[in-house]
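If you want the building blocks of each chain, they are given just below.
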Amino acid sequence: MIDVKVRVMHILPHVAAGGATLAAMELADRLDSARYDVSMAVGPESGREDSVLGELRARGLDVTVVPSMRRSPDVRRDARAIVELGRVIHRRRPHVIHTHGSKSKLLAPMAAELSRVPVRIAHVWGWEWMPAEGVAQRWACRWASRLSAHGYDALIACSEAMRQQGLARGVGLPGQYEVTLPSVDLGRFNRRGRERMRAEVRDEFGLPSDSTVVVSVMRLARQKAPDVLLNAAALLARKLPDLRWLLVGGGPLDAEVRKMIDDLGLQDRVILAGPRRDVPRLLKACDIFALSSRWEPFGIVYLEAAAVGLPLVGTRVDGAVEAVVDGETGLLVEPGRPDELAAGIAQIAGDPKLARRLGEAGMGHAQQFGHDRFVRPIEALYERLLAEKLNGRCPVR
């Protein structure tokens, strides 16, 4: 179809080490190098959160930083970002642009207009209206989503929930959607070395060897509701005095979380590990994984924890019900209910047989989410859309 390598450009609004960014990095790195010439255009480092920019470059990926492309809305800066991104696209002349994140999804069609990019794909890792506050903001985000969908040949939803929510709100057409569930690096997330790492990590953080440790890996932001998690910890403080918490991650609510720990008297029970790149090692040191999200497009971290063998406690929201099999790999509770979250954790902590059953089932479930299951369908989508668009001809050289 094309007698040169297919040039694919992945566009990300930021390089903070969240699930979508890490998934995009794995996808870009694992595309067939014999067939695809891959580049990335990314927003700059924020300075407040763990960045993967160095890792992107260490993997040999061709990365260009677009200075004005930021996560937060700003009309003047966004206009500059369109111009900057347009220059990058014009220079690279990609056959395929593949956006990840709301801001890049909104900007890329305008930036790519003059370069006649044949195939445009938006990866939906969540909808713009999910973090919106107030009726007016939600309405504006919904209309922005509807308008931006017209600029794409395909919308890849990270869960069936994201596809259904998009269609229910008039975003795109049914034929535009593909559902491709994310993947887990099973070479890193597994049970190997768990006993050794359990001892090492507990010694590092001063955690008693015989305590039950609940671990959460999250961005400290409104979406993940760390306040709900900490209130659950406070509820369990008397009931389970040996319970400890390891909270991994950073974000805009870091200061508020630290203050809340002090206000609730949890200084001796909750450890803030900050942003870490040794998440598999930390998971292997713990006994239960918990997450308190208000919304969750999918929840890759659930599968990462399950792959290590941890029973899961999460919230019954969005795509989380596709990542956690309620009653089989973990327990799901209603969002915003610290009492229910605490009850789920207490149930697993007090029942070793249940914990073992959930953990073993979770490991089996996670094995279905290797990288090939994620990458190969996307390669097939590239090829199909290129064939449809170019009809045997390649206008981009």
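The paragraphs below set out a description of the structure included in this document. As the structure is a computational prediction, the values presented were derived from the model and not from experiment.

### Describing the sheet that holds strand 1 (residues 6-12)
With parallel pairing, the 7 strands of this open sheet are ordered in space as 3-2-1-4-5-6-7. Single-partner strands in this sheet number two, and they are strand 3 (62-65) and strand 7 (177-179). Neighbour-to-neighbour, the strand axes of the sheet open up by a mean angle of 20°, direction not taken into account. As judged from the 3 bridges shared by strand 6 (residues 154-157) and strand 7, these two strands associate in the parallel manner. Bridge assignment links A157 to a residue of strand 7, and that residue is V179. The sheet contacts of helix 6 (residues 160-168) involve strand 5 (119-124), strand 6 and strand 7, and relative to strand 7 the element is tilted by about 160°. Here helix 15 (residues 371-390) sits on the sheet and contacts strand 1, strand 2 (36-42), strand 4 (96-100), strand 5, strand 6 and strand 7; the angle it forms with strand 5, its principal contact strand, is near 150°.

### Brief notes about the sheet that holds strand 9 (residues 243-248)
Taken together, the 6 strands give an open sheet; going across it, the order is 10-9-8-11-12-13, and neighbouring strands pair in parallel fashion. With partners counted over all chains shown, the strands left at the sheet margins are strand 10 (270-274) and strand 13 (330-333), one partner each. The average angle at which neighbouring strand axes cross in this sheet is 20°, direction not considered. As paired strands, strand 8 (residues 212-217) and strand 9 are joined by 6 bridges and run parallel to one another. Looking at the pairing, V215 lines up with L246 of strand 9.

### Section: the pattern of salt bridges
Oppositely charged side chains are able to pair whenever their charged atoms sit close together. Tallied over the full model, the rule gives 34 salt bridges. With its nearest N and O atoms 2.8 Å apart, the salt bridge here joins E26 to R30. You can see E26 and its partner R30 sitting in helix 1 (residues 19-30), 4 residues apart, about one turn around the helix. The salt bridge involving R59 is made with D29; its shortest N-O contact spans 3.0 Å. Placement of the pair is R59 in the loop between helix 2 (53-58) and strand 3 and D29 in helix 1, with a sequence separation of 30 residues. What makes R59 partly exposed here is its relative accessible area of 29%. When its relative accessible area of 32% is taken as the criterion, D29 is described as partly exposed. If you follow the salt bridges from partner to partner, you end up with E26, D29, R30, E55, R59 and R277 in one network.

Parameters at a glance
- Residues numbered from 1 in each chain as written.
- Predicted model: local features only at pLDDT ≥ 70, side-chain atom pairs only at ≥ 80, totals over all residues.
- Heavy atoms only, no water.
- Pairing = 2+ DSSP bridges.
- Helix = DSSP H or I, 4+ residues; strand = E, 2+ residues; numbered from the N terminus.
- Axes fitted to C-alpha atoms, helices over the stretch in contact; angles between N-to-C directions.
- Contact = heavy atoms within 4.5 Å.
- Salt bridge = Lys/Arg side-chain N within 4 Å of Asp/Glu carboxyl O.
- Buried < 20%, exposed > 50% of the residue type's maximum accessible area, 1.4 Å probe, protein only.

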